[in-house]
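# Remarks on the overall topology
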Amino acid sequence: MSVHKRTYRAYEGPVTAERWRFLVLPRYGLLELFESRLLTAFFVLCFVPFLVEASAIYISQSAAARALLQMSAAAGSDVARPEFFLGTLIFQGALAFLLTAWVAPVLVSPDLVNGALPLYLSRPLTRAEYVLGKAAILAALLSAITWVPGLTLFSLQAGLDTTGWGLRNLRVAGALFAGAWVWILVLTLLGLAVSAWIRWRIVASGALAGVFFMGSAFGEMWREVLGTSVGRIANLSYLIGLVWRSLFGVLQDRPMVREMLDDRGGRDLPTWAAWLGLTAAAVLCVWLLDRRLCAREVVA
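Residues numbered from 1 in each chain as written. Predicted model: local features only at pLDDT ≥ 70, side-chain atom pairs only at ≥ 80, totals over all residues. Heavy atoms only, no water.

### Focus: the packing of aromatic side chains
- Overall, the coordinates contain 13 aromatic pairs when judged by the stated rule.
- Residues Phe-34 and Phe-43 carry aromatic rings whose centres are separated by 5.4 Å and whose planes lie at 75° to one another, so their mutual orientation is edge-to-face.
- Residue class for Phe-43 comes out buried when judged on its relative accessible area of 14%.
- Three or more aromatic residues joined by ring pairs form one cluster here, namely Phe-84, Phe-85, Phe-154 and Trp-165.
- Over the aromatic face of Trp-200 sits the side chain of Arg-199, whose NZ or CZ is 5.8 Å from the ring centroid. (Phe/Tyr/Trp six-rings, centres within 6.5 Å; stacked < 30°, edge-to-face > 60°. Buried < 20%, exposed > 50% of the residue type's maximum accessible area, 1.4 Å probe, protein only. Lys NZ or Arg CZ within 6 Å of the ring centre and 35° of its normal.)

Rendered as structure tokens:
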């Protein structure tokens, strides 16, 4: 076949160092994702709770705003409590799950279905760097709606409170950052593993939701039938809840977290068991990715 348009030229721009070459994947991956107006709109809506919570913090620290709204000084005292920031992380974490269910299925599956993985790996790009590049897409999106607004709210509260609240509650900032990253790592590895093994987007999103709902059902059934809580280690939502409450130092039942943890009988799993369960889930996801992401030579 003859070529009539000889306009193709070799790339003559700057060459990225091999160490950072995997960042090409998230750069173009994010650009492709945000071509969807629906995804862009949902991503913007994820910041609405942040604006509401920031307004609550401002009102709690502004005498003029409280007077205008006819609120007492004690009405906004709950905003300065660790439970408020824990509730913020829980709500943003739920949005992060929805975003993962939307985005993750299209990260790896198209490359496997269309045979693009050998093209990636024929470049100076290892399998680990390929996974790291794909994971960076999710990590960037989830960070933007979890720990970034969380630490912004903490900074706002610390800046408006002139009594030294920020120094007394540095643990809250650390809990926001660490708790968000635990959730991000779990969602990212789980999302990539599901995307690697399931080619249909709707089925992959359903499977991602099923991991949490079926794990919760299995854990509660085990608890009710056998009278032991060991089965709840399969309930990732429960494990995340235990880790978050441990990081924030919130050990008593609170209305905002009761539904997630279902602690009718108290904290019947130790925190170390929650960390162990989450680590096992992460290792399993890495193993599934290692088994699936193998470039194969096709002989015609």
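What follows continues from the structure just given.
### Here we look at the pattern of salt bridges
- Scanning all chains against the criterion turns up 3 salt bridges.
- Between Asp-111 and Lys-134 there is a salt bridge, and its shortest N-O distance comes to 3.2 Å. With Asp-111 in helix α6 (residues 109-113) and Lys-134 in helix α8 (residues 127-145), the pair connects residues that are 23 residues apart, well separated along the chain.
- Accessibility expressed as a relative area gives 9% for Asp-111, which makes it buried.
- For Lys-134, a relative accessible area of 9% corresponds to the buried category.
- Arg-127 is paired through a salt bridge with Asp-290; the nearest N and O atoms lie 3.0 Å apart. Separated by 163 residues along the polypeptide, Arg-127 in helix α8 and Asp-290 in helix α15 (residues 271-292) bring together distant segments of the chain. (Salt bridge = Lys/Arg side-chain N within 4 Å of Asp/Glu carboxyl O. Helix = DSSP H or I, 4+ residues; strand = E, 2+ residues; numbered from the N terminus.)

### Focus: helix α9 (residues 147-160)
- Over its 14 residues, α9 runs 20 Å from end to end, which matches the ideal 20 Å to within 8%, given 1.5 Å per residue.
- Pro-149, Gly-150, Leu-153, Phe-154 and Gln-157 are the residues of α9 that are buried. The arc that holds every buried residue of α9, seen down its axis, measures 145°, which confines them to one face.
- Buried positions along α9 lie against α3 (48-61), α5 (82-103), α8, α10 (165-168) and α11 (170-197). (Expected span 1.5 Å × (residues − 1). Arc of directions from axis to C-beta. Contact = heavy atoms within 4.5 Å.)

### Here we look at the nonpolar core
- Among the nonpolar cores identified, the biggest contains 74 residues, and Phe-85, Leu-99, Val-103, Trp-183, Phe-248 and Leu-278 are the most heavily contacted of them.
- Ranked by residue count, the leading element in this core is α11, at 16 residues.
- The residues touching Phe-248, leaving out its near neighbours within four places in the chain, are Pro-82, Phe-85, Leu-86, Leu-89, Arg-171, Val-172, Ala-175 and Leu-176. (Core = buried A, V, L, I, M, F, W, Y, C linked by side-chain atoms within 4.5 Å.)

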